[in-house]
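Geometric and topological summary
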Amino acid sequence: MALLAVTLPSISLVHAQDCARDAMLVFDGSASMAELGLQLDEPKRIDAARSALQDAMPQIAPIRRIGLITYGPGPENSCDGINLKFQPVANAMQPVVDAIALLDPNGLTPLTEAVREASEVLNYRTDPGIVVLVTDGNETCGGSPCALGVELASSAANLTVHVIGFRVDTGRFAGDSPDVELFPDDVSVAKCISDRTGGMYISTETIEELSDALRSTLGCDVIG
């Protein structure tokens, strides 16, 4: 009697399938990103983030299609500054770096709606995808990250949302969100989205830590 041969997916195939998932980078351009660091010799948050992207993107862009949404810039105290820069494209290093170089931080932090829009760009209900949110604080436009996380987890085909907190300081920006009481002052309420979609929440303070976090969430190590 002939035996049927069953071939299990190799580790490299699993990783290769993950590398094929398109990603959207959701980047904080709110007013607080223009603030200086606590030390006199520290650059503004936005300048530090630009340096981290310059460092990380050469390892990320060749292996994953990436799109970009920014939020914040617009009229003062506005929640209307969500801007789809481009949908996922191959070799996105220069488009990402150029777009963030031109970003002039201003406005509030509609991070919940920005992540929702990024998920829609990825056709999250039918297609696999990854969203990486970089933020320095809380939702300040009334959105509920926790409710969005539940919604995405229940209706997505295969969507993972990672959140990178960069020099998070929510003490002065308590946030206009029903979820702010769930997390301490040094953790963004956006953690609710990553928790509910199986993603990572990574706290970063330095350029090097932010660069490593970008590679960890957007990159892909294929094991041969």
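Residues numbered from 1 in each chain as written. Predicted model: local features only at pLDDT ≥ 70, side-chain atom pairs only at ≥ 80, totals over all residues. Heavy atoms only, no water.

**Some thoughts on the packing of helix H4 (residues 111-121) against helix H5 (residues 145-155)**
For the pair H4 and H5, interaxial distance at closest approach is 9 Å and the crossing angle is 15 degrees. When the axis of H4 is compared with that of H5, the two are roughly parallel. In terms of crossing hand, the pair formed by H4 and H5 is right-handed. Listed contacts from H5 to Leu111, Thr112, Val115, Arg116 and Ser119 of H4 are Pro145, Leu148, Glu151 and Leu152. (Axes fitted to C-alpha atoms, helices over the stretch in contact; angles between N-to-C directions. Helix = DSSP H or I, 4+ residues; strand = E, 2+ residues; numbered from the N terminus. Parallel < 35°, antiparallel > 145°, perpendicular 65-115°, else oblique. Left-handed = near helix turned anticlockwise from the far one by under 90°. Contact = heavy atoms within 4.5 Å.)

**Considerations on the environment of Cys19**
You can see Cys19 is positioned in helix H1 (residues 11-19). In the structure, Cys19 is positioned 199 residues away from Leu218 in sequence and 9.0 Å away in space, judged by C-alpha atoms.

**What about the confidence of the model for the protein?**
In this model, the protein carries an average pLDDT of 86, and 82% of its residues clear a pLDDT of 70 or more. Note on residues 1-16: pLDDT is under 50 here. Beyond four places in sequence and across chains, it has nine contacts. (pLDDT = per-residue confidence, 0-100.)

**Digging into the sheet that holds strand E3 (residues 83-89)**
Taken in spatial order, the six strands make up an open sheet running E3-E2-E1-E4-E5-E6, and their pairing is mixed. Of all strands in the sheet, those bounded by a partner on one side alone are E3 and strand E6 (201-204). Sheet twist, expressed as the average angle between the axes of neighbouring strands with direction ignored, equals 15 degrees. Note that strand E2 (residues 66-71) and E3 share four bridges and pair antiparallel. Within E3, the position partnered with Leu68 by the bridge is Phe86. Here helix H2 (residues 45-60) sits on the sheet and contacts strand E1 (22-28), E2 and strand E5 (158-166); the angle it forms with E1, its principal contact strand, is near 165 degrees. (Pairing = 2+ DSSP bridges.)

**Notes on the state of the cysteines**
Considering all chains together, one arrives at three disulfides under this definition. Residue pairing for Cys19: its cysteine sulfur links by disulfide to Cys220, the two sulfurs lying 1.8 Å apart. The sign of the -90 degrees torsion about the S-S bond sets the Cys19-Cys220 disulfide as left-handed. Taken together, the residues span a long stretch of sequence, with Cys19 in helix H1 and Cys220 in the segment after helix H7 (207-218) at a distance of 201 residues. There is no split in this pair, since Cys19 and Cys220 are both buried. Note that Cys146 is cross-linked by a disulfide to Cys192, the S-S spacing being 1.7 Å. The chirality of the disulfide connecting Cys146 with Cys192 is right-handed, given an S-S dihedral of about 80 degrees. With Cys146 in helix H5 and Cys192 in helix H6 (residues 191-197), the pair connects residues that are 46 residues apart, well separated along the chain. Both residues of the pair, Cys146 and Cys192, belong to the buried class. For the protein, numbering the cysteines in disulfides from first to last along the sequence yields the connectivity 1-6, 2-3, 4-5. (Disulfide = S-S within 2.5 Å. Buried < 20%, exposed > 50% of the residue type's maximum accessible area, 1.4 Å probe, protein only.)

**Some points on the pairing of E2**
When you tally the buried positions in E2, you get six out of six residues, the bulk of the element. Where E1 lies against E2, six bridges are found, and the strand directions are parallel. Residue pairing across strands places Asp28 opposite Tyr71, the latter belonging to E2.

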